[in-house]
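So you can see what is in the structure, the chains are spelled out below.
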Amino acid sequence: MTAEEKQPMPPEETYPELQEEEINVEAELEKLILEDREAEVGTSPSEASPDLNETLRQLQQELEITRQKLKEKEDSYIRLYADFENYRKRTQREQEELSQRERRRFVLEILPVVDSFERAQQQLRIETERERELHNSYQSVYRLLVESLKKMGVSRMKSVGQPFDPSLHEAIARQPSSEYPEDVIVAEYRPGYKLGDVVIRHAMVAVSAGSPSPEPSSPSEGANPQPSAEDTPDASQTAPSP
């Protein structure tokens, strides 16, 4: 062994610049590792690649288009639902009107039969037991018919004593009356009927013309007054001479 080899190695503190350089290298390595990990976890949009930005932009456009289509579908559904509701209500109203017209036509065909029963009741004079039985039999049919009309919503209007209303009554006569004031119905010639709240037949009536006027005085009462004695000429003056 030579003398140089026998000399001891200097301690590490003897080369401080080498130690500092080693420490700096380790710090740089740690910094690079951290940056690499951050890159693996994810990057911010500003630091993303151009391809990724383009993909995000396309996805946003597709999302906006999908939202617009959904809004259009929703508006279309709302319009379709509104049209269906209007159709349903219109159809229901038309069915009700058709049913009302059919009932009205049927009732108008039955009312003359009711009128005939009522006229027969007014004109019939019961004198024998047979006539009484006949009267009771057709009256039972009349009552059954009237009850059926009531169940359908048919009602008879009251006319006598009521003010004249062109929407309810048809005036065929006008006559003086001391019992009713003017424009009040004094007689009913044909009854009027309603189906629900709708007038299906106007009542034929006579309307009051008010109280009758006083009778004029007779011609014998003051029409030709007797001449007085002063106005009567002297007989000797009017008589012809012999």
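Scoring rules and cut-offs
Just so you know, the residues in each chain are numbered from 1, in the order the chain's sequence is written. It should be noted that, the model being predicted, local features are given only for residues of pLDDT at least 70 and side-chain atom pairs only at 80 or more, the latter also being counted only at that level, while totals for whole chains, interfaces and linings use all residues. Hydrogens and water molecules were not included; the side-chain quantities draw on all heavy atoms of the structure. Only when DSSP finds a minimum of two bridges between them are two strands counted as paired. Each helix is a run of DSSP H or I of at least 4 residues and each strand a run of E of at least 2, with the numbering of both proceeding from the N terminus. Each axis is a line fitted through C-alpha atoms, and for a helix only the stretch in contact is used; angles between axes span 0 to 180 degrees, taken between their N-to-C directions. Residue contacts follow a heavy-atom distance rule, with two residues in contact if any of their heavy atoms lie within 4.5 Å. Note on definitions: salt bridges are taken to be side-chain nitrogens of Lys or Arg within 4 Å of carboxyl oxygens of Asp or Glu. When accessible area is computed with a 1.4 Å probe and restricted to protein chains, residues below 20% of their type maximum are described as buried, those above 50% as exposed, and intermediate ones as partly exposed.

Student: Explain the sheet that holds strand β5 (residues 198–201) to me, please; I cannot follow it from the model alone.
Tutor: Hydrogen bonds along the backbone pair up the strands of a sheet, which may run parallel or antiparallel. Strand order in the open sheet formed by three strands is β1-β4-β5, and the pairing between neighbours is antiparallel. Looking at which strands have only one partner, the edges of the open sheet turn out to be β1 (154–156) and β5. The mean inter-strand angle of the sheet, taken between neighbouring strand axes irrespective of direction, is 35°. By the bridge criterion, three bridges tie β1 to strand β4 (residues 193–195) in an arrangement that is antiparallel. Among the inter-strand pairings, Arg156 is bridged to a residue of β4, identified as Tyr193. Helix α3 (residues 50–123) contacts β1, β4 and β5 of the sheet and is inclined by roughly 50° relative to β5.

Student: Please clarify how the pattern of salt bridges should be interpreted in this entry.
Tutor: Opposite charge on two side chains makes pairing possible when the charged atoms of those side chains draw close. If you walk through the whole model with that rule in mind, you get ten salt bridges. A salt bridge links Glu133 to Arg130; the shortest N-O distance between them is 3.8 Å. Here Glu133 and its partner Arg130 are both found in helix α4 (residues 129–151), three residues apart, which amounts to about one turn of the helix. Given the relative accessible area of 43%, Glu133 is considered partly exposed. When its relative accessible area of 61% is taken as the criterion, Arg130 is described as exposed. We note a salt bridge from Glu188 to Arg156, for which the minimum N-O separation is 3.4 Å. Of this pair, Glu188 sits in strand β3 (residues 185–190) while Arg156 sits in strand β1; the two residues are 32 residues apart in sequence, bridging distant segments of the chain.

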